[in-house]
Amino acid sequence: MAQSLKIGDVEIAGRALIAPMTGVSDLPFRRMASKLGAAYAATEMVACAELERGRPDVVRKFALGEHAGLKIVQLIGKDPDFIARGAALAEASGAHIVDLNFGCPAKEVTGVLCGSALMRDFDAASRLMEAAVSATSRPVTVKMRMGWDDGSRNAPELARCAEAIGIKAVTVHGRTRQQFYKGKADWAFVRQVKAAVSIPVIVNGDITDGQRAREALGQSGADGLMIGRGVYGRPWLAAHLDSHLRGVESREPSGHARYELIVEHLQDSLSFYGRELGLKMFKKHLGWYIEAGDYCDDPVARRQDKARLCRLDDDTHIERELNALFC
Ligand SMILES: Cc1cc2nc3c(=O)[nH]c(=O)nc-3n(C[C@H](O)[C@H](O)[C@H](O)COP(=O)(O)O)c2cc1C
């Protein structure tokens, strides 16, 4: 089994990729994940129209910053000109890969013919893919769902269309748009996408540990896998899964090492966003670090710790409390 992945001209040094996740995969998170060995961690989706208007939160989502890992920008939009300019700007800003979002199920998004609504309109989807491919020399990829609903699981056809346009890889979340995040991801369905194209196919949905990673790859025949919610409070997970897939023993960070990486993530958040916003943005991660904490087995006690620490408004207090919990 291959241990790495090539997307266009970009070598990815592993097969466990970190998904774009709005409100999660900001620059401080991606920097931490890369530092811990993630081969690939994508930005949150960046709305191209809002990027053009310079909306500050969208500009921040687009920030690629400095870190060791690959830089992958995910774009979303319905206007091919905006997508083209977003793709060109991503390349100029140092992106290695440009990903297009054809999977977001949110009503505000699909209602304006963006995200997974594009799975119902191949013409519109094709125009966006063509615009991106002709605007950048970087590989362009697409992240999609199985289809809009059970009656239209058309990811294999969309993937074929994408390949013909010059898309270099597709990721398939094994749910339909109508499922949102309910039910179980259907990894076996992704095999049909794999059979339809010769570009790399990445399987996504409900992959949270080594066993599921193996099962997802086995059932789908995919070239790589993508993890989303499993990284909550575990930015090392991609590297951990890659080791597992290579058959190399790997331990999740624990004790003082875990405390140190949480504090580094906190401090990076403060310097990236500024103190007030940085603390607010970090608290989501803080909650997850505590929920996923290996310092105690009692989930009720962890929930109480989470509530207590997330009420604190000072980073030195948070660090002190974290030290008491983890070290
Ligand atoms: C909070 C949250 C934010 C997400 N944001 C994005 C996004 O910006 N772009 C995208 O393509 N998918 C987004 N997704 C979907 C994930 O990338 C992924 O496809 C989905 O969560 C299934 O994978 P999982 O079961 O490993 O979480 C988001 C999911 C969650 C839970």
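Residues numbered from 1 in each chain as written. Predicted model: local features only at pLDDT ≥ 70, side-chain atom pairs only at ≥ 80, totals over all residues. Heavy atoms only, no water.

*Asks:* Quick rundown of the domain arrangement of the protein chain? Include the residues and the values.
*Replies:* In terms of domains, the protein chain is made up of domain 1 (5-246) and domain 2 (255-326). Measuring from the centre of the C-alpha atoms in domain 1 to the corresponding centre in domain 2 gives 28 Å. At the interface, 17 residues of domain 1 touch 14 residues of domain 2. For the pair domain 1 and domain 2, the summed buried surface comes to about 1,500 Å²; carbon and sulfur atoms form 66% of the total. Interface area lost by domain 1 to domain 2 is led by Pro28, Met32 and Arg60, which between them contribute 33%. There are two salt bridges connecting domain 1 and domain 2. The closest approach of N and O atoms between Glu264 and Lys35, which form a salt bridge, is 2.7 Å. Summed over the shared surface of domain 1 and domain 2, the result is five residue pairs in polar contact (both at pLDDT 80 or more). At six residues, helix H1 (residues 27-35) tops the list of elements feeding residues into the side of domain 1 that touches domain 2. Partitioned by chemical class, the residues of the side of domain 1 that touches domain 2 number ten nonpolar, two polar and five charged. (Domains from an automatic or database assignment. Contact = heavy atoms within 4.5 Å. Buried area = accessible area lost by both parts, 1.4 Å probe. Salt bridge = Lys/Arg side-chain N within 4 Å of Asp/Glu carboxyl O. Polar contact = N/O pair within 3.5 Å; in protein donor to acceptor, adjacent residues only side chain to side chain. Helix = DSSP H or I, 4+ residues; strand = E, 2+ residues; numbered from the N terminus. Nonpolar A, V, L, I, M, F, W, Y, C, P; charged D, E, K, R; others polar.)

*Asks:* Would you mind going over the packing of aromatic side chains in detail, with residue names and values included?
*Replies:* Under the definition given, this model contains four aromatic pairs. Both rings, one in Tyr232 and one in Trp288, keep their centres 3.8 Å apart while their planes meet at 10°; by these two values the pair is stacked. In this pair, Tyr232 is assigned in the loop between strand E10 (224-227) and helix H10 (237-246) and Trp288 in helix H12 (residues 275-291), connecting sequence segments 56 residues apart. With relative accessibility at 26%, the residue Tyr232 sits in the partly exposed group. Its relative accessible area of 13% is what places Trp288 among the buried residues. (Phe/Tyr/Trp six-rings, centres within 6.5 Å; stacked < 30°, edge-to-face > 60°. Buried < 20%, exposed > 50% of the residue type's maximum accessible area, 1.4 Å probe, protein only.)

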